[in-house]
Amino acid sequence: MTDRLVLRGATLMDGRQVDLVIAAGILAEITTAGASSGSGASNVGREIDCSGLYVSSGWIDLHVHAFPELDPYGDDIDEIGVKQGVAVIVDAGSCGADRIGELSASRESAMTTLFALLNVSRIGLQRIDELSDLAWLDREAALEAVQAYPDFIVGWKARMSGSVVRDNGIQPLRIARELAEESGLPLMVHIGSAPPRTEDILPLLARNDVVTHYLNGKSNNLFREDGSPIPELGEAIARGVRMDVGHGTASFSFKAAEAARRNGIRFDTISSDIYRGNRQHGPVYSLAHVMSKFLCLGYSLNEVIEAVTVNAAAWLGKPELGLIQVGDPANLTLFSLETAERIVFVDSEGDMREGEHQIKAKGVYANGRFIEC
């Protein structure tokens with residue numbers, strides 16, 4: 001059978017070395033390495049030697065921009081998806097109600113699974129001050145879009161930076177809160193430069209909402225000058241608000257990340273906020289590169305992988321995407337952990353840290369296909 005694939009000798013996150021047999025897109029068998037049925041037999045269509053590689057469930061990036069015609073915040077789905085070892089991406093507010101149908105239609109030609117957060121502004125990122133006119137926050141159009149694409153839209157996105165809201169302050173977030181409650185979908189909020197103040201944003205967030213860019217180094221961030229967290233942060237976490245990295249071009253600081261770790265403020269999910277510019281020219285490059293920065297900060301490989309698998313899948317309400325289970329559609333990422341004496345990582349502020357380990361995506365099996373990275 002030519003639709004059969006065996007991944008031989010891959011290492012699971014618990015350290016076991018296994019063979020994974022995929023037949024007709026389904027994970028048919030997981031055995032101790034070398035013990036899979038059909039080893040060397042004619043019913044094996046293709047074998048890949050995965051010695052020295054790890055395998056996890058397919059990586060999920062919860063914050064990307066995958067509407068290629070938008071500038072600067074756009075890119076091709078598969079360039080930031082399967083070609084980087086990422087099986088599932090979530091477009092974080094590129095489109096509002098006006099163009100979400102176009103983004104949904106783009107899934108048909110992609111190998112990567114795509115979901116979307118609907119921008120609360122109907123114009124989306126057609127402009128980068130999309131919350132500066134409250135007339136663009138059209139409740140009726142937004143709720144109609146959610147009803148029209150229930151299998152695609154998984155939440156809302158509001159970018160609460162001064163350059164985006166301009167004179168509207170906190171009001172766009174109040175409208176977003178109402179939309180989230182009426183629809184029953186969570187809200188991802190981008191934090192950046194004031195106004196509004198982060199201290200005023202966090203109290204409006206509820207359980208399962210997400211703060212993205214939580215490690216940004218701007219003056220309006222989540223940590224005081226002495227590195228201690230603002231009180232509203234602890235209160236938000238206690239309510240079940242989730243922390244997402246959302247690295248991006250200007251939203252990740254090593255100093256903030258070190259302050260967070262000292263204070264036990266850990267990430268729930270690691271995402272890239274990737275688009276064409278920061279993929280090609282940095283400082284993002286890829287989800288794997290962002291993940292590697294957290295190894296440099298002292299987090300374990302398991303913690304980092306859980307952030308882009310189990311934790312991300314749970315937030316999506318699709319826990320099966322974070323598991324490797326016989327009988328399910330195969331959804332896997334193969335990667336290596338490469339070691340060198342000196343690997344330099346750069347944050348969004350231009351600060352550098354040196355590490356010894358780097359994660360490299362090697363392949364992904366998603367939607368019935370294996371793609372080498």
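You'll find the structure just up there.
Conventions we followed
- Residues numbered from 1 in each chain as written.
- Predicted model: local features only at pLDDT ≥ 70, side-chain atom pairs only at ≥ 80, totals over all residues.
- Heavy atoms only, no water.
- 1 Å grid on protein atoms, 1.4 Å probe; cavity = no way out; pocket = protein on both sides within 12 Å on 5 of 7 lines; lining within 4 Å.
- Points joined across faces, edges and corners; volume = space filled by probe spheres on them.
- Helix = DSSP H or I, 4+ residues; strand = E, 2+ residues; numbered from the N terminus.
- Nonpolar A, V, L, I, M, F, W, Y, C, P; charged D, E, K, R; others polar.
- Buried < 20%, exposed > 50% of the residue type's maximum accessible area, 1.4 Å probe, protein only.
- Contact = heavy atoms within 4.5 Å.
- Phe/Tyr/Trp six-rings, centres within 6.5 Å; stacked < 30°, edge-to-face > 60°.
- Pairing = 2+ DSSP bridges.
- Axes fitted to C-alpha atoms, helices over the stretch in contact; angles between N-to-C directions.
- Salt bridge = Lys/Arg side-chain N within 4 Å of Asp/Glu carboxyl O.
- Polar contact = N/O pair within 3.5 Å; in protein donor to acceptor, adjacent residues only side chain to side chain.
- Left-handed = near helix turned anticlockwise from the far one by under 90°.

**Student:** Account for the layout of surface pockets, with residues named and values stated.
**Tutor:** By volume, the largest pocket amounts to about 290 Å³. Lining the largest pocket are 20 residues; nearest its centre among them are Tyr73, Arg159, His190, Lys218 and Ser251. Looking at the lining of the largest pocket, the elements that each hand over two or more residues are β9 (153–160) and α3 (162–165). Along the lines of polarity and charge, the residues of the lining of the largest pocket split into six nonpolar, ten polar and four charged.

**Student:** So what's going on with the environment of glutamate 108? Which residues, and what values?
**Tutor:** Positionally, glutamate 108 belongs in the loop between α1 (100–105) and β8 (113–119). Given a relative accessible area of 74%, glutamate 108 falls into the exposed group. A sequence separation of 76 residues divides glutamate 108 from threonine 32, and the C-alpha atoms of the two residues are 37 Å apart.

**Student:** Break down the side chain of serine 286 for me, with residues and values.
**Tutor:** You can see serine 286 is positioned in the loop between α8 (276–281) and α9 (287–296). If we ignore the near neighbours within four places in the chain, the residues touching serine 286 are Gln84 and Ile274.

**Student:** Tell me about the packing of aromatic side chains, and name the residues and values.
**Tutor:** In total, this model carries eight aromatic pairs according to the counting rule given. Relative to phenylalanine 294, the ring of phenylalanine 267 has its centre 5.2 Å away and its plane inclined at 75°; by these criteria the two rings are edge-to-face. With phenylalanine 267 in the loop between α7 (254–262) and α8 and phenylalanine 294 in helix α9, the pair connects residues that are 27 residues apart, well separated along the chain. Residue phenylalanine 267 is classed as buried on the basis of its relative accessible area, which comes to 0%. Ring plane angle 55° and centroid distance 6.0 Å describe the contact between phenylalanine 294 and tyrosine 299, whose orientation is recorded as tilted.

**Student:** Could you give me a rundown of the sheet that holds β9, with the residues and numbers involved?
**Tutor:** Strands sit in the order β6-β7-β8-β9-β10-β11-β12 across an open sheet of seven strands; the sheet is parallel. Looking along the sheet, the strands with just one partner apiece sit at the ends: β6 (59–64) and β12 (242–244). Across the sheet, the axes of successive neighbouring strands diverge by a mean angle of 25°, strand direction being ignored. As judged from the four bridges shared by β6 and strand β7 (residues 86–92), these two strands associate in the parallel manner. The partner of isoleucine 60 across the bridge, within β7, is valine 88. Helix α2 (residues 139–148) rests against β8 and β9 of the sheet, and its axis sits at about 150° to β9. Against the sheet, helix α4 (residues 171–183) touches β9 and β10 (187–191), its axis set at about 170° to β9.

**Student:** I'd like to hear about the pattern of salt bridges, residue by residue, with values.
**Tutor:** A complete count under the given rule lists 23 salt bridges for this structure. A salt bridge links arginine 107 to aspartate 151; the shortest N-O distance between them is 4.0 Å. Taken as a pair, arginine 107 in the loop between α1 and β8 and aspartate 151 in the loop between α2 and β9 lie far apart in primary sequence, 44 residues in all. Put simply, glutamate 303 and arginine 266 hold a salt bridge, and the shortest N to O gap is 3.0 Å. Separated by 37 residues along the polypeptide, glutamate 303 in helix α10 (residues 301–307) and arginine 266 in the loop between α7 and α8 bring together distant segments of the chain.

**Student:** Go over unusual backbone geometry with me, naming the residues and quoting the values.
**Tutor:** One can expect most non-glycine residues to show negative phi and most peptide bonds to be in trans. With an omega of 10°, the peptide bond between aspartate 71 and proline 72 qualifies as cis. Along the polypeptide, proline 72 turns up in the loop between β6 and β7. Each neighbour pair has its own omega, and for alanine 194 with proline 195 the value is -10°, a cis peptide bond. On the secondary structure map, proline 195 appears in the loop between β10 and α5 (198–201). With phi around 70°, histidine 213 is a residue other than glycine that occupies positive phi space. Of note, histidine 213 is situated in the loop between β11 (210–212) and α6 (231–239).

**Student:** A description of α2 should follow, citing residues and the corresponding values.
**Tutor:** Among the residues making up α2, those that are buried are Ala141, Ala142, Leu143, Ala145 and Val146. Buried residues along α2 sit in contact with α1, β8, β9 and α4. Where α2 begins, the side chain of aspartate 138 points an oxygen toward the backbone nitrogen of glutamate 140, at a separation of 3.2 Å.

**Student:** Now, about the packing of α2 against α4: what can you tell me, with residues and values included?
**Tutor:** Interhelical geometry of α2 versus α4 gives an angle of 35° and a closest axis separation of 11 Å. Crossing angle aside, the handedness with which α2 passes α4 is right-handed. Of α4, the residues touching α2 (which contributes Arg139, Ala142, Leu143 and Val146) are Ile175, Glu178, Leu179, Glu182 and Ser183. Of the residues contributing to the contact of α2 with α4, the split by class is five nonpolar, one polar and three charged.

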